[in-house]
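Each chain, written out:
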Amino acid sequence: MKKRIVLLAAVAVAWTGSASAQTKDANAEFEKFRAEMEESNPAELFEVKGEELWKAKRGPKKVSLADSCDLGQGVGKIEGAYVKAPRYFADADAVMDIERRIVWCMTEKQGFKFEDIAKKPFQGANDNNAPDITNLVTYVASGSRNMEFDMPMHDAKVRDAFETGKAMAAYRAGPYDFSCNTCHGADGKRIRMQNLPNLSSPEGALRGVLGWPGYRMTGGVMLTSQWRMNDCFRQQRFPEPKYASQAVTNLIAYMTGNANGQMYKGPGIKR
Amino acid sequence: MADPMKIRASMKGDAAEVRILMSHAMETGQRKDAAGNTVPAHFIQTITIDVGGKRVVDGQIGTAVARNPVFGFKIKGAKAGDKVVVNWVDNKGDKRTDEATVA
Amino acid sequence: MKTLAMISGVTATVALLAGCAGGPSRSEAEYRQLAMETIKRDFQTKGQAKYERLTADELQQACNAHGNNPPEGIAKKLSEAQYATIKRPADGKYMGDWKQGEKIAQSGRGFTWSDKATDPAGGNCYNCHQIGPNESSYGTVGPSLLGYGKTRGDSAGMQEYVYSKIYNAKAFNVCSEMPRFGHAGALNEQQIKHLVALLLDPASPVNK
């Protein structure tokens with residue numbers, strides 16, 4: 001019995017081409033490649049680590065998140081939690097996105113210090129490992145794969161977060177007079193070759209939330225929506241939004257609310 | 001200790017499609033850190049795959065492969081229920097073995 | 001008395017229903033206020049991106065308050081004030097070297113918290129505009145400028161206009177998306193001159 005082996009893809013991603021070298025064709029090619037990669041998304045590696053962390057007894061209080069953390073669907077339950085957030089949590093008296101909520105559980109239930117988590121909340125370009133919180137978010141997000149976004153807009157407090165986020169997106173300031181909407185307020189716009197989703201439309205908002213948390217092939221890092229918001233403000237020439245703050249939740253609520261009713265595909269893969 | 005692999009194996013027609021995700025830094029030895037020091041090379045060197053007790057892949061890779069490598073194979077002659085065992089060894093002698101069953 | 005109580009009871013029910021429907025519970029102006037308070041509470045200095053940047057100046061405030069479309073009276077006053085900020089070259093020359101202009105137009109650097117404050121900022125032009133025929137990676141937030149000088153010529157008036165527009169776009173369109181490069185201190189006089197040449201010089205590839 002002779003076994004024939006076909007090497008399908010040994011993926012060596014080095015996206016070193018300058019922006020100017022990219023053409024529309026290159027974009028289409030990349031899109032095909034990205035779609036193929038979705039079937040073997042390295043994000044799964046982070047999911048596995050996140051699952052271990054979720055179930056492990058950790059922190060000064062030696063409890064697991066699985067035994068203590070309610071993401072809105074019952075203690076320990078991750079199914080649908082990601083697509084049904086941001087939501088209002090009475091015990092924290094705040095509307096929170098999933099990352100902020102997990103951070104809250106880690107500090108309140110496990111006894112971790114917020115400052116320790118916030119010191120380095122995102123994976124740097126050359127870090128070998130993602131922070132625990134990123135792995136946890138990726139695991140929780142995997143529990144909403146192929147479910148529709150269903151942020152509870154009827155909840156007055158969630159609605160307030162949405163409307164405040166909408167107003168924040170229109171706020172112009174800084175040396176270049178930019179707001180979020182300068183780039184993300186109209187259809188069919190690009191920065192260089194990068195297509196800019198119009199976050200005020202259902203289609204654009206979906207593009208804003210789909211694929212996060214996502215594995216970024218440039219640098220091989222796993223990043224969350226909290227990171228995406230952070231880096232947008234960098235490019236907007238604004239100061240930095242504090243990690244896991246209400247400001248970031250409001251913006252995520254604005255996008256998720258506009259994306260409501262559309263399918264979330266789980267942790268994604270990004271250029 | 002190295003992180004676990006993620007292995008998926010399922011029959012597609014007469015061949016088993018095996019997809020493997022490995023968690024590894026795959027440092028090329030060419031990169032410098034923020035302080036300007038060269039980051040030492042650290043990469044997977046050998047990969048073996050056994051299906052149903054038979055070695056079907058015995059290969060070598062190098063620094064051209066990106067961090068967190070993804071591999072896909074189509075293996076003829078395999079059948080549902082076969083055990084897939086994947087092993088890698090890197091240039092520092094770190095290793096990892098994980099397994100899955102063909103679905 | 002009884003009737004009154006009943007009526008207020010009915011009103012209460014109606015209000016409750018409106019609450020259930022899930023519409024916004026505050027006015028747009030109130031949400032704008034809330035947004036500003038949230039931003040001021042939840043942002044912090046990082047690198048050269050100082051906290052003070054969050055404070056909108058008079059023009060930004062007017063654009064924010066009026067959805068980028070302030071009433072004509074306010075808009076006229078503001079754009080006149082912006083026009084007055086434009087510092088024109090002392091030597092009266094507006095055209096620099098288009099080759100250097102191209103380099104400035106290509107660079108997207110400047111003012112982010114990851115940029116060094118001491119490094120010169122770029123023009124960020126290609127981020128939003130098509131300009132030269134050899135650069136296919138251009139943005140579309142602003143209009144295409146390919147052939148800009150070909151149709152408009154390079155008269156003294158055009159040169160002054162283009163210089164002024166780059167220096168302070170808000171002098172011409174009060175809530176324009178385009179940054180005020182000279183006013184913000186992002187580009188100096190010489191850099192703006194090079195960009196004027198890129199757009200207007202008949203020798204520039206933009207006009208070939």
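For the structure, check the block above.
Residues numbered from 1 in each chain as written. Chains lettered and ligands numbered in written order. Predicted model: local features only at pLDDT ≥ 70, side-chain atom pairs only at ≥ 80, totals over all residues. Heavy atoms only, no water.

A. View of the arrangement of the chains. Between all two pairs of chains that are in contact, chains A and C come out with the most contacts. Separating chain B from chain C is a minimum C-alpha gap of 14 Å, and the two share no contact. (Contact = heavy atoms within 4.5 Å.)

B. Just the state of the cysteines, in detail. Under the defined criterion, the tally for this structure stands at two disulfides over all chains. Across a sulfur-sulfur distance of 2.1 Å, C69(A) and C105(A) are joined as a disulfide pair. Judged by the sign of its S-S torsion, about 75°, the bond between C69(A) and C105(A) is right-handed. Taken together, the residues C69(A) in the loop between α3 (65–68) and β2 (87–89) and C105(A) in helix α4 (residues 98–108) connect sequence positions 36 residues apart. A relative accessible area of 0% means that C69(A) is categorised as buried. What makes C105(A) buried here is its relative accessible area of 0%. At a sulfur-sulfur separation of 2.0 Å, the disulfide partner of C63(C) is C175(C). Disulfide C63(C)-C175(C): the torsion about the S-S bond is -95°, which places it as left-handed. (Disulfide = S-S within 2.5 Å. Helix = DSSP H or I, 4+ residues; strand = E, 2+ residues; numbered from the N terminus. Buried < 20%, exposed > 50% of the residue type's maximum accessible area, 1.4 Å probe, protein only.)

C. Layout of helix α7 (residues 156–169) of chain A. Taking 1.5 Å as the rise per residue, α7(A) with 14 residues should run 20 Å; its terminal C-alpha atoms sit 20 Å apart, in good agreement. Here α7(A) lies mainly inside the structure; eleven of its 14 residues are buried. Within the span of α7(A), buried status applies to V158(A), R159(A), D160(A), A161(A), F162(A), E163(A), T164(A), G165(A), A167(A), M168(A) and A169(A). Looking at the buried positions of α7(A), the neighbouring elements they touch are β2, β3 (94–96), α8 (180–184) and α11 (246–259) of chain A together with α2 (28–42) and β1 (43–44) of chain C. With a side-chain oxygen lying 2.8 Å from the backbone nitrogen of K157(A), the N-terminal cap of α7(A) falls on D155(A). (Expected span 1.5 Å × (residues − 1). Polar contact = N/O pair within 3.5 Å; in protein donor to acceptor, adjacent residues only side chain to side chain.)

D. Main features of the packing of α4(A) against helix α6 (residues 132–142) of chain A. Residues and elements named next belong to chain A. Taken N-terminus to C-terminus, the directions of α4 and α6 make an angle of 120°; their axes are 10 Å apart at the nearest point. The angle between the axes of α4 and α6 places the two elements in the oblique class. Between α4 and α6 lies a crossing of right-handed hand. Taking contact as the criterion, the partners of I98, E99, I102, V103 and M106 in α4 are, on α6, I133, L136, V137 and V140. Of the residues contributing to the contact of α4 with α6, the split by class is eight nonpolar, no polar and one charged. (Axes fitted to C-alpha atoms, helices over the stretch in contact; angles between N-to-C directions. Parallel < 35°, antiparallel > 145°, perpendicular 65-115°, else oblique. Left-handed = near helix turned anticlockwise from the far one by under 90°. Nonpolar A, V, L, I, M, F, W, Y, C, P; charged D, E, K, R; others polar.)

E. Region of the structure containing the sheet that holds strand β8 (residues 221–223) of chain A. Residues and elements named next belong to chain A. Read from one edge to the other, the open sheet built from three strands follows the order β8-β7-β11, with strand pairing classed as mixed. The open sheet terminates on both sides in strands that have one partner only, identified here as β8 and β11 (268–270). Recorded for the sheet is a direction-independent mean angle of 30° between the axes of neighbouring strands. The pairing of strand β7 (residues 214–216) with β11 spans three bridges and is classified as parallel. Across the sheet, residue R216 finds its bridge partner in β11, namely K270. (Pairing = 2+ DSSP bridges.)

F. Broad picture of the sheet that holds strand β7 (residues 95–101) of chain B. Residue and element names in this part refer to chain B. Pairing is antiparallel in the open sheet, where four strands are placed in the order β4-β3-β6-β7. The two strands at the open ends of the sheet, each matched to only one other strand, are β4 (54–60) and β7. In this sheet, neighbouring strand axes are inclined to one another by 15° on average, regardless of whether the strands run parallel or antiparallel. With six bridges joining them, strand β3 (residues 44–51) and β4 adopt antiparallel strand pairing. Note on β4: the bridge partner recorded for T48 is D58.

G. Spotlight on the packing of aromatic side chains. Residue and element names in this part refer to chain A. Applying the stated criterion across every chain yields a total of 19 aromatic pairs over all chains. The interplanar angle of 45° and the centroid separation of 5.9 Å between the aromatic rings of F46 and Y215 together place this pair among those described as tilted. Placement of F46 in helix α2 (residues 43–55) and of Y215 in strand β7 is noted, with a sequence separation of 169 residues between them. The exposure class assigned to F46 is buried, which follows from its relative accessible area of 3%. Here W54 and Y139 contribute two aromatic rings whose centre-to-centre distance is 6.3 Å and whose plane-to-plane angle is 55°, an arrangement assigned as tilted. Of the two residues, W54 is situated in helix α2 and Y139 in helix α6; the sequence distance between them amounts to 85 residues. (Phe/Tyr/Trp six-rings, centres within 6.5 Å; stacked < 30°, edge-to-face > 60°.)

Nothing here speaks to function; it is geometry throughout.
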